[in-house]
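The chain contents come next:
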Amino acid sequence: MHAKLIAYAQLLRLDRPVGTLLLGWSTLWGLWLAGHGRPSPLVVFILLLGTLSTRSLGCALNDWADRSFDGHVQRTRQRPLARGALSGTEALGAAALLAGLSLLLLLPLNRASGLVALYCLAVLAVYPFCKRFLALPQAVLGLAFAAPILMAEVALTGSLSLAGLCLYLASAVWALVYDTFYALVDRDDDRALGLHSSALWATGRETRFLAAMMALMLALLLLVGLWAGLNGWYYAGLAAAALLFLWELWTTRDLNRDACFRAFLHNNWVGAALWLGLVLAHLP
């Protein structure tokens with residue numbers, strides 16, 4: 001029983017919280033922008049808990065979809081389904097429970113929030129299969145990982161603003177940035193298996209691609225600040241994020257696998273810098 005519980009924890013990535021943290025930063029951006037620095041504590045609690053449940057749901061679905069591939073990839077060969085610690089049925093059962101929990105969390109929120117949540121769940125369900133046919137599957141992941149921004153806005157205001165939509169797009173592009181660093185770690189294995197990734201698509205121009213996506217994200221965030229009428233603290237957070245991006249580009253210039261994985265993890269500092277800018281921008 002103890003071994004089975006450990007396997008479920010690994011399936012849901014409870015032992016690897018970095019993905020939840022990255023998703024959480026986008027959630028906090030959306031909450032602080034839509035809530036003008038004072039979001040409802042109940043909505044904050046619901047969306048952050050939903051961040052944890054939906055990320056774990058996505059991991060369970062991803063491992064089920066990749067159960068025939070993961071055993072051939074160095075980084076994933078010890079995942080529960082790949083090593084036989086859990087069955088495909090058990091993974092789908094865990095995903096169903098998490099989907100139910102995520103939907104229950106919507107009950108205190110408005111109807112618009114439910115529609116956005118259904119969109120998020122649909123994208124999460126489609127994403128694991130995109131690497132089989134789509135050149136940039138990470139772009140689909142970005143649409144799912146940025147969805148809490150839409151959730152935050154409709155839950156707090158009942159509608160979507162230009163600034164909120166722009167923040168959603170910026171977060172989607174950010175996911176493309178950090179997941180490309182992640183994909184660079186697996187690129188050789190993905191190529192051998194015939195799978196697609198942004199790292200494979202950008203072969204030969206990796207740094208230029210990453211720099212372009214970082215610049216696009218920062219440009220979108222600049223528009224967010226202008227449309228939302230934010231003050232200098234927000235732009236200070238934006239400048240800090242730009243410096244952090246430059247550090248990532250410099251340290252991964254040789255595309256070393258370990259350096260790329262550290263850059264992926266390092267994006268938590270980017271998320272924190274931008275959220276701190278939003279927090280300070282809304283202080284009296």
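Because the structure is a prediction, the values reported are computed rather than measured.

A closer look at a nonpolar patch on the surface
Part 1: Together, Leu-14, Leu-42, Phe-45, Leu-49 and Leu-52 line one region of the surface with nonpolar side chains, adding up to about 460 Å² of accessible area.
Part 2: Residue position: Phe-45 is located in helix 3 (residues 41-65).
Part 3: Look at Phe-45 and you get exposed, because its relative accessible area is 52%.

A short note on the packing of helix 3 against helix 4 (residues 88-104)
Part 1: Across the interface, helix 3 lies against helix 4 with an axial gap of 9 Å and an inter-helix angle of 155 degrees. For the element pair helix 3 / helix 4, the angle class is roughly antiparallel. By crossing handedness, the relation of helix 3 to helix 4 is classed as left-handed. Across the interface between the two elements, Ser-53, Thr-54, Ser-56, Leu-57, Ala-60, Leu-61 and Trp-64 of helix 3 pack against Gly-88, Ala-91, Leu-92, Ala-95, Leu-98, Ala-99, Leu-101 and Ser-102 of helix 4.

Focus: the nonpolar core
Part 1: Counting 88 residues, the largest nonpolar core has Trp-29, Trp-174, Phe-181 and Met-217 as the members making the most contacts within it.
Part 2: At 16 residues, helix 8 (residues 162-193) tops the list of elements feeding residues into this core.
Part 3: Residues in contact with Met-217, not counting those within four places in the same chain, are Trp-29, Ala-170, Val-173, Trp-174, Phe-245 and Leu-274.

Structural notes on the packing of aromatic side chains
What describes a pair of aromatic rings is the distance from one ring centre to the other and the angle between the planes of the rings.
Part 1: Across all of its chains, the model carries 11 aromatic pairs by this definition.
Part 2: Members of the aromatic cluster, each reached through a chain of ring pairs, are Trp-29, Trp-174, Tyr-178, Tyr-182, Phe-261 and Phe-264.
Part 3: Directly above the aromatic system of Trp-201 lies the positively charged group of Arg-205, at a separation of 4.4 Å from the ring centroid.

Quick notes on the side chain of Thr-180
Part 1: Within the secondary structure layout, Thr-180 lies in helix 8.
Part 2: For Thr-180, a relative accessible area of 2% gives the class buried.
Part 3: The contact partners of Thr-180, leaving out residues within four places of it in the chain, are Ala-175, Ser-198, Ala-199, Phe-209 and Leu-210.

Focus on the layout of surface pockets
Part 1: As a volume, the largest pocket reaches approximately 1,100 Å³.
Part 2: Lining the largest pocket are 46 residues, and of these Arg-13, Asn-62, Arg-75, Arg-79 and Tyr-182 lie nearest its centre.
Part 3: The set of elements that each furnish at least two residues to the lining of the largest pocket consists of helix 2 (18-34), helix 3, helix 5 (111-130), helix 6 (137-145), helix 8 and helix 12 (257-281).
Part 4: A per-element tally of the lining of the largest pocket places helix 8 first, with seven residues.
Part 5: Counted by class, the lining of the largest pocket contains 19 nonpolar, 11 polar and 16 charged residues.

What about empty space enclosed by the protein?
A water-sized probe rolled over the atoms picks out the places where empty space is left.
Part 1: All chains considered together, the criterion is met by one cavity of 30 Å³ or more.
Part 2: The space that makes up the largest cavity amounts to roughly 260 Å³.
Part 3: What lines the largest cavity is a set of 19 residues, and nearest its centre among them are Gly-50, Thr-51, Thr-54, Cys-120 and Met-151.
Part 4: Listing elements by their share of the lining of the largest cavity, those giving two or more residues are helix 3, helix 4, helix 5, helix 6 and helix 7 (147-157).

What about unusual backbone geometry?
Backbone phi values are negative for most residues with the exception of glycine, while trans is the configuration of most peptide bonds.
Part 1: For Arg-13, which is not glycine, the phi dihedral falls at a positive 60 degrees.
Part 2: By the secondary structure assignment, Arg-13 is in the loop between helix 1 (2-11) and helix 2.
Part 3: Of the residues examined, Arg-13 reaches a relative accessible area of 8% and is grouped as buried.
Part 4: In this structure, His-36 takes a positive phi of about 50 degrees despite not being glycine.
Part 5: Within the secondary structure, His-36 sits in the loop between helix 2 and helix 3.
Part 6: Overall, the relative accessible area of 51% leaves His-36 in the exposed class.

Topic: the pattern of salt bridges
Part 1: Taken as a whole and judged by the stated rule, the model has five salt bridges.
Part 2: Two residues, Glu-90 and Lys-4, come together in a salt bridge whose shortest N-O distance is 3.2 Å. Of the two residues, Glu-90 sits in helix 4 while Lys-4 sits in helix 1, which places them 86 residues apart along the sequence.
Part 3: The class of Lys-4 is partly exposed, set by a relative accessible area of 29%.
Part 4: Taking the shortest distance from any N to any O, the salt bridge between Arg-79 and Asp-63 comes out at 3.4 Å.

What about helix 11 (residues 232-251)?
Part 1: Look at helix 11: 29 Å from first C-alpha to last across 20 residues, which is about the 28 Å you get at 1.5 Å a residue.
Part 2: Considered for burial, the residues of helix 11 that qualify are Tyr-234, Gly-237, Leu-238, Ala-241, Phe-245, Glu-248 and Leu-249. Projected onto a plane normal to the axis of helix 11, the buried residues spread over an arc of 120 degrees and lie on a single side. Turned more than 90 degrees off the buried face of helix 11, the exposed positions are Gly-232, Leu-243, Leu-246 and Trp-250.
Part 3: On its buried face, helix 11 is in contact with helix 8, helix 10 (206-228) and helix 12.

Reading the values: rules and limits
Residues numbered from 1 in each chain as written. Predicted model: local features only at pLDDT ≥ 70, side-chain atom pairs only at ≥ 80, totals over all residues. Heavy atoms only, no water. Patch = residues over 30% accessible without salt bridge, like charges linked within 9 Å, V, L, I, M, F, W, Y side chains within 5 Å. Areas by Shrake-Rupley, 256 points an atom, 1.4 Å probe, with all protein chains shown as cover. Salt bridge = Lys/Arg side-chain N within 4 Å of Asp/Glu carboxyl O. Helix = DSSP H or I, 4+ residues; strand = E, 2+ residues; numbered from the N terminus. Buried < 20%, exposed > 50% of the residue type's maximum accessible area, 1.4 Å probe, protein only. Axes fitted to C-alpha atoms, helices over the stretch in contact; angles between N-to-C directions. Parallel < 35°, antiparallel > 145°, perpendicular 65-115°, else oblique. Left-handed = near helix turned anticlockwise from the far one by under 90°. Contact = heavy atoms within 4.5 Å. Core = buried A, V, L, I, M, F, W, Y, C linked by side-chain atoms within 4.5 Å. Phe/Tyr/Trp six-rings, centres within 6.5 Å; stacked < 30°, edge-to-face > 60°. Lys NZ or Arg CZ within 6 Å of the ring centre and 35° of its normal. 1 Å grid on protein atoms, 1.4 Å probe; cavity = no way out; pocket = protein on both sides within 12 Å on 5 of 7 lines; lining within 4 Å. Points joined across faces, edges and corners; volume = space filled by probe spheres on them. Nonpolar A, V, L, I, M, F, W, Y, C, P; charged D, E, K, R; others polar. Expected span 1.5 Å × (residues − 1). Arc of directions from axis to C-beta.

Interpretation note: all reported values are geometric properties and have no functional meaning in isolation.
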